[in-house]
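Analysis of the macromolecular model
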Amino acid sequence: MLYALRCSSCHGTIGQGSQIAPALIGTPAVYVHFMLDTGRMPADAPGVNEVHATPIFSERQIDEITQYVESFTRHPNLSMPMVLPGDVNHGRQLFDENCAACHGAVGEGASIGGDNVAPSLMNASVFQVAEAIRAGPDVMPVFGPSVLSDRDVSDIARYVNYLQAQQGEPGEDAGGIALAHVGPVAEGLVVWIFGMGALIVF
């Protein structure tokens, strides 16, 4: 059994957790699936920021592990995002409002303080972006249907896909002014300095 071989040593035989890994009982299916789908789990070592990597499991194995983990919960949340054809323009607006502050104007990610990192979105599939929005991995907030509808999630995911398509093309910064692609913290500092300078001149 895959869970017993690759997951139970940290998360426990029935998902009860341990001193080095959290319990999985009550964890929504979308979170479990996202962590496996993006190669963040199984982790190389406990207590470190997991990053997007090639998953070690096949799609079928990921589905099977997710279903098994959900069997630990009496009333599991099995909902998964449904990605629809999206509106890129609306997606850009929503991305600017909800995502760019951490992931950067063009989705390349950066440090957001302490040991926390908002990862680059350049290697994420449309479905993985939708998963992350619903799962809220690490310090990222969970955006439930009351905050972002399925249509909104689809629009954001398609906009990220558009940013990926523009990556590397000369003179293209689909998200706006990229400020040398140095990340959201530095971008915010530049905006702050510019704003203070404008106030002083005024």
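The structure presented is a predicted model; accordingly, all values stated were derived computationally and were not measured.

Moving on: the pattern of salt bridges. This structure, assessed with the given rule, holds two salt bridges. Glutamate 64 serves as the salt-bridge partner of arginine 60, at 3.2 Å between the closest nitrogen and oxygen. Linking arginine 60 with glutamate 64, this pair stays in helix α4 (residues 59–70), spanning four residues, or about one helical turn. A relative accessible area of 65% places arginine 60 in the exposed class. Taking the relative accessible area as the measure of exposure, glutamate 64 reaches 37% and is therefore partly exposed. Note that aspartate 150 is salt-bridged to arginine 134, the shortest N-O span being 3.0 Å.

It helps to recall that an α-helix has 3.6 residues per turn; residues three or four apart then point in one direction. With eight of nine residues buried, helix α3 (residues 29–37) lies mostly within the body of the structure. For α3, the full list of buried residues reads Ala29, Val30, Val32, His33, Phe34, Met35, Leu36 and Asp37. Residues of α3 that are buried in the fold lie against α4 and α7 (126–135). Once α3 finishes, glycine 39 follows within two positions and takes phi at roughly 70 degrees, a positive value.

Moving on, we come to the packing of aromatic side chains. Enumeration according to the criterion identifies five aromatic pairs in this entry. Relative to phenylalanine 72, the ring of tyrosine 3 lies with its centre 5.4 Å away and its plane at 70 degrees, an arrangement referred to as edge-to-face. On the criterion of sequence distance, the pair formed by tyrosine 3 in helix α1 (residues 2–6) and phenylalanine 72 in the loop between α4 and α5 (88–98) is long-range, its members being 69 residues apart. Of the two residues, tyrosine 3 and phenylalanine 72, both sit in the buried class. Between tyrosine 68 and phenylalanine 72, the ring centres sit 5.1 Å apart and the planes meet at 75 degrees, which makes this aromatic pair edge-to-face. Counting every residue linked through ring pairs, the aromatic cluster contains Tyr3, Tyr68 and Phe72.

Procedures and definitions
- Residues numbered from 1 in each chain as written.
- Predicted model: local features only at pLDDT ≥ 70, side-chain atom pairs only at ≥ 80, totals over all residues.
- Heavy atoms only, no water.
- Salt bridge = Lys/Arg side-chain N within 4 Å of Asp/Glu carboxyl O.
- Helix = DSSP H or I, 4+ residues; strand = E, 2+ residues; numbered from the N terminus.
- Buried < 20%, exposed > 50% of the residue type's maximum accessible area, 1.4 Å probe, protein only.
- Contact = heavy atoms within 4.5 Å.
- Phe/Tyr/Trp six-rings, centres within 6.5 Å; stacked < 30°, edge-to-face > 60°.

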